[in-house]
Amino acid sequence: MISSTSSPYPVPVGGASLLLTFKGPRNTILIIGSNVLAASRAFAALEAGMQVIILARGSVCDELRWRADQRQVNLTDWDMLPSASTSPVASAPDTKADVESLSAFLAGNPSISLICITTHTADTPALARICHAHNIPVNVTDLPALCDFSFAATHRFVDPSTGGQSALQVGVTTNGEGCRLAGRVRREIVSILPKDIAGAVRQVGKLRRLAKISDDELGECDEGEDSGVTTPNRPVAGWRNSAAESKDESSRRRMKWVAQVSEYWPITRLASMSEDDMKLVLSGDSPQTTSPYSIPAPNEGSLHHLTLLPPPKKGRILLVGSGPGHPSLLTIATHNALTKQADLVLSDKLVPAAVLALIPEAVEVRIARKFPGNAEGAQSEMMNAAVEAAQRGLTVVRLKQGDPVVYGRAGEEVLFFRAHGFEPLVVPGVSSALAAPIFAGIPVTQRGVAESVIVCTGVGRQGKEVKLPGYERSRTVLILMGVARIAQVVGAMIRNDSGSGEGLQSGEGRREGRPFPRNTPIAIIERGSMPDQRVVASTLGDICEALDSVGEQRPPGMMVVGWAVLALQGTGDTSVLEEGEERDEDRIRRWLGGGRWVMREGIDQGWAEV
């Protein structure tokens, strides 16, 4: 658990490192030493495209000698520098002379931006001080007190399709607490990532380049994939078609869609994208149908030349709920539909890869392109694709997260399919509205705390505002699809205790009933039931600031509002209705440990065994 203090902003806790990456020929690294470790550091710098200078005295390892012969590194003999020590004993150099020669060398090579000392002599601390005097960060092997930076335990992934090194790297640091353990953690991370993760990075890179209209366009702007915006689902205006877009609008829209694909598509799907797939994703056009359902030719050998065709297979459509995300929560009916019945799966983008992985490889899977501004177009695309496939005799599984009729738009799909001659079978799923709070340790009803529960949405059709329920102390309010608009939602719910208004003048019309007290507990549950689940809990008055403080959002998310949020936390609190409002401030203080919010990540380890 991570909790806030009385500070209005996160309190920095020392002991961490600022993790950066360096690359490119504008950076030069100076490596003082000529052993095998120096060769390893040089190789890492070369892979990053850096210029490498080796400053050595005495023997040089074979690898560095070879790289110098290949002109990959610049090998400089320390004894040839002005003022250098001429002592034949490398372990006892003339410290003053070597310090002076290093200082002069750094002054004459202003491009050096990093220094690594891999061998130790009596003058090592003095050499490190010279680096500091020139304001150049230095790493000294096995002497952390002299280091400005350290080397992480790294792994560079191999692209299985090419056999070559990929652009994907991971690095792990324990900040000096356990270097050997860092290597083990690195191996553990590498072992659990999908084998085609490097291929996914390669293909997403190609997708990004296709998305950019020109090299100087908006790929890195605040609207792009690498945005500093905390949610990838920030509301945008609806998108109609590419013909009406300006060049600027097209670039922004395409980069947003790259971010959506990167966030939601399974790794295997990303790795297998063809260039045609990429162009189709970015264009917004409807995908072409698969090959027509084939019917065997007539039996020409029939005695009476009858047309002996098998009766055409009748297609059908299943509207299936996949639950909140954890594969263990799939119903038997849903599992059978995905693994035994489906010819085509049309999946919502929020269905996690762990569920899609259950689908046999022979079954085609399409993922809805419900990217920012394209929700309506993607919905129509999925419905038309289902009808077209069913008309060809296929069994179509329209896969939705949670339960298909709890804000899953199943109703309009039922009517659409029925109008086109197909009566769909609706297969219920475990609703995230009820399951996610359980994973977060929150009972939506609890004797003595919450006697009723109401489920609502934070945003209406095409982004329109909706009427939110008013405050009842004994009721839990579950709000789906509202985290991206949390400021507006909270503003419509709370009363103006502080006199600041905080959006209430525009929000009063969005609430039906009494305003909520500002100290009403609220929990934001993101990616409920998944291994990277995160719960941010606070009061209505502080939740917006709390959510901003924990970093980038993790869609999908939901809100739980009411006193049930704290009912089972710690030693529990089930006397909310009995004791009344006079003890609420003490109740909140105990729950938050004197801070203003708490944050928890992950799910119970027991789920790994279920």
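Everything numeric in this text was worked out from a predicted model, so none of it was measured.

Criteria and thresholds
- Residues numbered from 1 in each chain as written.
- Predicted model: local features only at pLDDT ≥ 70, side-chain atom pairs only at ≥ 80, totals over all residues.
- Heavy atoms only, no water.
- Patch = residues over 30% accessible without salt bridge, like charges linked within 9 Å, V, L, I, M, F, W, Y side chains within 5 Å.
- Areas by Shrake-Rupley, 256 points an atom, 1.4 Å probe, with all protein chains shown as cover.
- Salt bridge = Lys/Arg side-chain N within 4 Å of Asp/Glu carboxyl O.
- Helix = DSSP H or I, 4+ residues; strand = E, 2+ residues; numbered from the N terminus.
- Buried < 20%, exposed > 50% of the residue type's maximum accessible area, 1.4 Å probe, protein only.
- Pairing = 2+ DSSP bridges.
- Axes fitted to C-alpha atoms, helices over the stretch in contact; angles between N-to-C directions.
- Contact = heavy atoms within 4.5 Å.
- Parallel < 35°, antiparallel > 145°, perpendicular 65-115°, else oblique.
- Left-handed = near helix turned anticlockwise from the far one by under 90°.
- Expected span 1.5 Å × (residues − 1).
- Arc of directions from axis to C-beta.
- Core = buried A, V, L, I, M, F, W, Y, C linked by side-chain atoms within 4.5 Å.
- Phe/Tyr/Trp six-rings, centres within 6.5 Å; stacked < 30°, edge-to-face > 60°.

Asks: Run through a nonpolar patch on the surface, naming residues and quoting values.
Replies: A contiguous nonpolar patch, built from Leu181, Val185, Ile189, Ile192 and Leu193 and spanning about 410 Å² of accessible area, is present on the exposed surface. Inspection of the secondary structure puts isoleucine 189 in helix H5 (residues 179-192). Residue isoleucine 189 is classed as partly exposed on the basis of its relative accessible area of 30%.

Asks: Describe in detail the sheet that holds strand S12 (residues 395-400), supporting the description with residues and values.
Replies: Strands in a sheet are paired, the pairing made by backbone hydrogen bonds, and the direction either parallel or antiparallel. The strand order across the open sheet formed by five strands is S11-S10-S12-S9-S13, and the pairing between neighbours is parallel. Of all the strands in the sheet, the pair left with one neighbour each is strand S11 (364-367) and strand S13 (425-427). For this sheet, the mean inter-axis angle between neighbouring strands, taken without regard to orientation, is 20 degrees. Sheet topology note: the strand S10 (residues 344-347)/S12 ladder contains four bridges and is parallel. From the neighbouring strand, leucine 344 faces S12, where its bridge partner is valine 396. Set on the sheet, helix H13 (residues 410-419) makes contact with strand S9 (316-321), S12 and S13; between it and S9 the angle comes to about 175 degrees.

Asks: Explain the packing of helix H6 (residues 197-211) against helix H9 (residues 275-283) to me, and be specific about the residues and the numbers.
Replies: Their axes nearest at 10 Å, the elements H6 and H9 cross at an angle of 50 degrees. The pairing of H6 with H9 is recorded here as oblique in orientation. In this structure, the crossing between H6 and H9 has a hand that is right-handed. Across the interface between the two elements, Gln203, Lys206, Leu207, Leu210 and Ala211 from H6 touch Glu275, Met278, Lys279 and Leu282 from H9.

Asks: Quick rundown of helix H1 (residues 36-47)? Include the residues and the values.
Replies: Compared with the 16 Å implied by 1.5 Å per residue over 12 residues, the 17 Å span of H1 between its first and last C-alpha is a close match. Every buried residue of H1 is listed here: Ala38, Ala39, Arg41, Ala42 and Ala45. What you see down the axis of H1 is that its buried residues fit within an arc of 160 degrees, all on one side. Positive phi shows up at glycine 49, right after H1, with a value of about 80 degrees.

Asks: Please set out the pairing of strand S20 (residues 557-561) residue by residue, giving values where relevant.
Replies: Across the five residues that make up S20, a large majority, four, are buried. Across four bridges, strand S16 (residues 475-480) lies against S20 in antiparallel orientation. Within S20, the position partnered with valine 477 by the bridge is valine 561. As judged from the five bridges shared by strand S18 (residues 521-526) and S20, these two strands associate in the antiparallel manner.

Asks: So what about the nonpolar core? Which residues, and what values?
Replies: Judged by nonpolar contacts, the single largest core of 50 residues is most densely connected at Ile479, Ile524, Ile525, Ile543, Met559 and Val561. Residues contacting valine 561, with those up to four places away along its chain left out, are Arg475, Thr476, Val477, Ile479, Met493, Phe516, Thr520, Pro521, Ile522 and Leu540. Met255, Leu318, Ala337 and Val427 belong to the second-largest nonpolar core, a separate cluster that totals 32 residues.

Asks: Let's hear about the packing of aromatic side chains: which residues, and what values?
Replies: With the rule as written, the count across this model stands at four aromatic pairs. Each ring, one from phenylalanine 416 and one from phenylalanine 417, has its centre 6.0 Å from the other, and the planes form 75 degrees; the classification is edge-to-face. For phenylalanine 417, a relative accessible area of 0% corresponds to the buried category. Ring centres of tyrosine 471 and phenylalanine 516 lie 5.3 Å apart, and the angle between their planes is 65 degrees; on these two criteria the pair is classed as edge-to-face.

Asks: So what about the sheet that holds strand S2 (residues 28-32)? Which residues, and what values?
Replies: On the basis of which strands lie adjacent, the open sheet formed by five strands has the order S4-S3-S2-S5-S6 and parallel pairing. Each having just a single partner strand, strand S4 (74-77) and strand S6 (138-140) make up the two edges of the open sheet. For this sheet the average axis-to-axis angle between neighbouring strands, irrespective of direction, equals 20 degrees. Summarising the sheet, S2 and strand S3 (residues 51-56) pair through five bridges and their orientation is parallel. In the sheet register, isoleucine 31 faces S3, and the bridge partner there is isoleucine 54.

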